[in-house]
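Structural overview for review
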2 protein chains.
Amino acid sequence: MLKYLGSRVDMNKSLLIKNIGRLVTMEEGDDRDGKLGVILDAAVQIEEGKISWIGTSSESVNMNADDVIDIGGQVVMPGLIDCHTHLVHAGSREDEFNLRSQGKSYKEIAEAGGGIMSTVRSTREASLEDLYDEVSKRADEAIRNGITTMEIKTGYGLDLATEIKMADAIGELDSSHPLEVYGTFLGAHIVPAEYKSRRSEYIDIVVSQMLPQIAKKEWITSCDVFIEDIAYSIDEARSIARAAKDLGLAIHLHVDQFGDGGGAKLAAELGALSADHLDHTSKKGMKLMAEGGVIGVVLPGASFFTGGGHYPDVRKMFENGMKVAIATDYNPGTTPSLNLMLNASIAVTQMGMTCDEALLGITRTAAEALGLAYRGVVAEGMRGDLIVLDCTDEYYPLYRYGENMISQVIIGGNAINT
Amino acid sequence: MLKYLGSRVDMNKSLLIKNIGRLVTMEEGDDRDGKLGVILDAAVQIEEGKISWIGTSSESVNMNADDVIDIGGQVVMPGLIDCHTHLVHAGSREDEFNLRSQGKSYKEIAEAGGGIMSTVRSTREASLEDLYDEVSKRADEAIRNGITTMEIKTGYGLDLATEIKMADAIGELDSSHPLEVYGTFLGAHIVPAEYKSRRSEYIDIVVSQMLPQIAKKEWITSCDVFIEDIAYSIDEARSIARAAKDLGLAIHLHVDQFGDGGGAKLAAELGALSADHLDHTSKKGMKLMAEGGVIGVVLPGASFFTGGGHYPDVRKMFENGMKVAIATDYNPGTTPSLNLMLNASIAVTQMGMTCDEALLGITRTAAEALGLAYRGVVAEGMRGDLIVLDCTDEYYPLYRYGENMISQVIIGGNAINT
C-alpha cells in the first residue's frame, strides 16, 4: 500500500553527487566509522529515483550522469523525515502567543475564542483551494528545513465535510508537491464543542461515516487518536483504532502528554506503528512499547514552546529498550515551527539525547515510526532523498542550533528549489 | 567617539521602501498603534545612510529615489542589534557538544583538552587572516539573521599578542564588512592557565599592557570583565574597569551567571552601560541597576544550550524598574547560535517576557545597552538599518521560532546580499 516512489519529481534523470566529505548513511553496524555509518570522501549515484551506487570520490572520477554535482567536501545525510505534523490548517495564532506572553491563561484565551477551536473554525470556513495554498507554502518551508518526507494529520475539521476537505488537501499536496506526504486521519483529535454532551454520537460519526470514506483515499495510510482526559478515553480510542485497522489503516496514538493515561499499553496491544508525546509514560508503558515494537515519537517543540520545562524521559525509554524518533508536531497552537533539526537540538540539550540518537531520530527511526521502508538510510536501493549540509561534521547542524546549514535538498534524485 | 555612520556601504544612494504593511518603529509613546509604535501601510525613505522621511504608501506615490523597493505589504522593523557576542575565535566545538550529549562532564571535557581553553589554544595559533576569514563568514550569517549591529568581544587570547590580534580581527571586520561592529576588550575573561597561581601578575598585564594598547584602537569602544568565582573577583573587576574608564572605554560586565556575586552593584557603582547574564541577580542588585541606568542583558541561548533549565528572572527585573535587552552571547562553547530572533522566542517561552518586551530587547533596548544613539528605532535622522520580514504581523517571527522570516536586510540604505 505504501508508495515506494512518488511522481511529482522527474524519476528519469540520473544524478551523481561527487566529493562528499562525510556521507552519513545512518546504517547501523556499519564498520567504517562508528554508529552512524559514515563514509569519508564518498560519491553517490541516483538512477530512476533510487540510490544505485555508493562509492568513493576516486571511484566516481570516470562515472557520468545526466546531472553531476561536486559538493566540495560537504556533509550528506538522508532527507529528514518528520513523522508527526498537523501541517494542514487555516489561520495562524500569533495573537494568542502574544496574549499568552502577557500572562493570559489557556482557559481565558479559549473563552475569548482562541485555542484549538479557533483553528477548527478557520479550517471549516476555508475552501480546499485556500487550505492547499497555505499548506503548499508550509511544505516549501519544510523542504528548506531539509524535510523530504512528512506525515500530516487531519483533525481540525471534526465534522465529516471538513475532515474530508483536510484529507483532500493532503491528497493535493501528495499529487502536486515534491514533498513526500503520508496522511493520517485524526477525526478523534478533540471532541467538537457541539458534541460535548453527546460524545458517543460523535465517535459513531467518526467510525461509521468519516473512517470509511477517508480510509478509501490512497494517500491516507494511518489513523491517530488523541488519548487524554480532555480528549478520548482508552476504550474510545480502542474502538476507533480497531475500526481503522479493519479498514487497513496503520495506527498512531497521541499518549501521555499531560499525565500517564495508559495509552502506551494500548499502543502495544494494537500493534501501533508509534505512540507519540510520551511526556508522562511509565516504565511499564515503555517496556510494553519496546516489546510490541512500537516506536516512541517525542515532540521536543511542544514542550519547549508551551514553556512548562517538562520533557519526556528519553533516557528511560532507551534503558527500557525503546526506539525513539523525533518530530516537529508542527501545529498553529502548541508548536508552530518546521525546523526539525532545531527540534533534534532541543532533544539533545533539554532531553538528554545523544547527538547520534537525535540524528537517527529524524531519519532512520522516523521512517520506522511511519512504517516506511526504502528511506531514512543511505544505501543502494533506497529512495534518492538526500540533504547536503554546508559544514564538515554531522554534529555541526545540531550544535549550531537554530541556524539552517542545508545547502541542497534532493528528492528522488532531483535537486529541489523551493 | 561612537560612529554614527560606517563606511563599508554606499551612503550616497537614496532608497525608497514602499508598501510596508506594518512599520514597527519601536518608538515608545507612539499613539498610532500600541507600544511598539506601528504605522500601517507605510513608506520610508533613506538618504545618505539615514532615514530622511517616513509616511504613508499613498504619500509616497510620486516620490522617487535611486532605488525603489515595493515590499508588497510585508513587515519592516529596525535592524536587529546583538549587544553581546564572542564572534571572533578559531575552531569550533561540536565534538565537545557530542561528548556532553554522551554524559561527559565539563570537568572531564576540560581535562581532555576541551572547554574554553581549547578555543584559547586555537585562537592563539590562528593567523589574523584565518581569524578574519572565520569571523567574516559568521558576520554574513549574522546579517542573514537580521543583525545589522553587533558587539564583539576579545577574550580568547589572554596574552598580549593574541588579544591584540583579536582586536585587529574586529577592526578588519569593522573596516571591510557591512555589519556595524563595536569591539569590547575582554582580556579579563578567565585567568589563563599559566597564571593560575599568580593571578595578580596577569591582571597587571591586562591593566598596564593590554588596555593601553587596545584602547587606542578606535573600533574598541568598551571593556568587559567576567565576574565569577571561576573568573575575577569584585575588587579585581573594579580595578580593571576603572583603568578602562580612565582610557575612555565604556563598561560592560558579565555578572551573576552561576551565583549572586555582587556584580550588579558594581555595575551601578561604575556607571556601566550594561550588566549581562544576571541568572542569579538579587532584587537589591536589580534595584541598583535600575537606579544607575544600567541595562540588563539576558542571554537566553546560554541557559538553553547548556541545558540546566534555569533562566534569569526577567519579570522581577521589570518589576524593579530595569530595562532588559536580549543578546545571542554567540560563542563556540556555551551557545553557538546567531539566531537572535530565536533567542527572543526563548526569552518569551522560557523566561516569561512579553512579545513586545522581546522585540524591544533586540532593537531599541539593545542599542541602549551599547550606548548607541541613532539606531534601534525607525525615525527620521536614525540610521537606515532595517529588516523586511515575510509575514503580516511582527509577532509572527517570534511565534514561528527557529524559522527565518527575513526577506531583506538593509544597512545604511543599502540592500545587503550575503
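Values in this document were obtained by computation on a predicted structure and should not be read as measured data.

What to know about the interface of chain A and chain B
Counting residues at the interface gives 40 residues for chain A and 40 residues for chain B. Between chain A and chain B lies a buried interface of about 3,700 Å² when both sides are counted; carbon and sulfur atoms form 57% of it. Considering only the surface of chain A that becomes buried against chain B, Phe304, Tyr399 and Tyr401 of chain A emerge as the three largest contributors, covering 23% of it. Connecting chain A to chain B are two salt bridges. Taken together, the links from chain A to chain B amount to 22 residue pairs in polar contact (both at pLDDT 80 or more). Residues belonging to the side of chain A that touches chain B are distributed by class as follows: 18 nonpolar, 15 polar and seven charged.

As for the relation of the copies chain A and chain B
Turning chain A through 180° and shifting it by 0.0 Å along the axis lays it on chain B, with an RMSD of 0.0 Å. Here the copies are linked by what is in effect a two-fold axis. Minimal C-alpha distance to the rotation axis in chain A is attained by glycine 402 of chain A, lying at 2.6 Å. An overlap of 100% is found between the interface residues of chain A and their copies at the interface of chain B, pointing to a shared contact surface.

Topic: a negative patch on the surface
Taken together, the side chains of Asp10, Glu47, Glu48 and Asp66 of chain A present a region of like negative charge at the surface. By the element assignment, aspartate 10 of chain A lies in the segment before strand S1 (15-24).

Let's talk about the sheet that holds strand S8 (residues 180-188) of chain A
Each strand in a sheet pairs with another by means of backbone hydrogen bonds, the pair being arranged parallel or else antiparallel. Residues and elements named next belong to chain A. In spatial order, the strands read S6-S7-S8-S9-S10-S11-S12-S13; together these eight strands make up an open sheet with parallel pairing. Looking along the sheet, the strands with just one partner apiece sit at the ends: strand S6 (80-82) and strand S13 (324-326). Across the sheet, the mean angle from the axis of one strand to that of its neighbour is 25°, orientation sign disregarded. Two strands pair when backbone bridges link them, and strand S12 (residues 295-298) and S13 are joined in this way by three bridges, in the parallel orientation. In the strand pairing of S13, valine 298 is matched with isoleucine 326. Each of strand S10 (250-255) and strand S11 (274-277) is contacted by helix H8 (residues 263-270), which is oriented at about 175° to S10, the strand it contacts most.

Let's talk about the pattern of salt bridges
Residue and element names in this part refer to chain A. Inspection of the entire model under this criterion finds 44 salt bridges over all chains. Two residues, glutamate 357 and arginine 315, come together in a salt bridge whose shortest N-O distance is 2.8 Å. With glutamate 357 in helix H13 (residues 355-361) and arginine 315 in helix H11 (residues 314-319), the pair connects residues that are 42 residues apart, well separated along the chain. Relative accessible area serves as the criterion here: at 14%, glutamate 357 is assigned to the buried category. The class for arginine 315 is partly exposed, based on a relative accessible area of 30%.

Side note on the pairing of strand S15 (residues 406-411) of chain A
Residues and elements named next belong to chain A. Here four bridges tie strand S14 (residues 386-389) to S15, and the two strands are oriented antiparallel to one another. In the strand pairing of S15, leucine 386 is matched with isoleucine 410. With two bridges connecting them, S15 and strand S16 (residues 414-415) associate as antiparallel partners. Note that in S16 the partner of isoleucine 410 across the bridge is alanine 415. Two successive antiparallel strands, S15 and S16, enclose a turn made up of two residues, where glycine 412 displays a positive phi of approximately 55°.

Section: the domain arrangement of chain A
Residues and elements named next belong to chain A. In terms of domain boundaries, chain A breaks down into domain 1 (14-79 + 378-416) and domain 2 (81-369). Averaged C-alpha coordinates put domain 1 and domain 2 at centres separated by 30 Å. With 23 residues of domain 1 at the contact, the number on the domain 2 side is 21 residues. Between domain 1 and domain 2 lies a buried interface of about 2,000 Å² when both sides are counted; carbon and sulfur atoms form 67% of it. Viewed at the interface, domain 2 and domain 1 are joined by one salt bridge.

A few points about the packing of helix H8 (residues 263-270) of chain B against helix H9 (residues 283-292) of chain B
All names here are of chain B. Two numbers describe how H8 lies on H9: the axes approach to 8 Å, and their chain directions differ by 15°. Viewed along their axes, H8 and H9 adopt a mutual orientation that is roughly parallel. Pair H8 / H9 crosses with left-handed handedness. Every residue of H9 that contacts H8 at Ala264, Lys265 and Ala268 is listed here: Gly285, Leu288 and Met289. Looking at side-chain class alone, the contact of H8 with H9 contains four nonpolar, one polar and one charged residues.

Some points on unusual backbone geometry
With a phi close to 60°, leucine 158 of chain A is a non-glycine residue in the positive phi region. Mapped onto the elements of the fold, leucine 158 of chain A is located in the loop between strand S7 (147-153) and helix H5 (160-176). Backbone geometry at aspartate 329 of chain B places phi at a positive 60°, although glycine is not the residue there. Along the polypeptide, aspartate 329 of chain B turns up in the loop between strand S13 (324-326) and helix H12 (340-351). With a relative accessible area of 2%, aspartate 329 of chain B lands in the buried category.

How each quantity is defined
- Residues numbered from 1 in each chain as written.
- Chains lettered and ligands numbered in written order.
- Predicted model: local features only at pLDDT ≥ 70, side-chain atom pairs only at ≥ 80, totals over all residues.
- Heavy atoms only, no water.
- Contact = heavy atoms within 4.5 Å.
- Buried area = accessible area lost by both parts, 1.4 Å probe.
- Salt bridge = Lys/Arg side-chain N within 4 Å of Asp/Glu carboxyl O.
- Polar contact = N/O pair within 3.5 Å; in protein donor to acceptor, adjacent residues only side chain to side chain.
- Nonpolar A, V, L, I, M, F, W, Y, C, P; charged D, E, K, R; others polar.
- Least-squares fit on C-alpha atoms with pLDDT ≥ 70 in both.
- Patch = residues over 30% accessible without salt bridge, like charges linked within 9 Å, V, L, I, M, F, W, Y side chains within 5 Å.
- Areas by Shrake-Rupley, 256 points an atom, 1.4 Å probe, with all protein chains shown as cover.
- Lys, Arg positive; Asp, Glu negative; His and termini not counted.
- Charge placed at Lys NZ, Arg CZ, Asp CG, Glu CD.
- Helix = DSSP H or I, 4+ residues; strand = E, 2+ residues; numbered from the N terminus.
- Pairing = 2+ DSSP bridges.
- Axes fitted to C-alpha atoms, helices over the stretch in contact; angles between N-to-C directions.
- Buried < 20%, exposed > 50% of the residue type's maximum accessible area, 1.4 Å probe, protein only.
- Domains from an automatic or database assignment.
- Parallel < 35°, antiparallel > 145°, perpendicular 65-115°, else oblique.
- Left-handed = near helix turned anticlockwise from the far one by under 90°.

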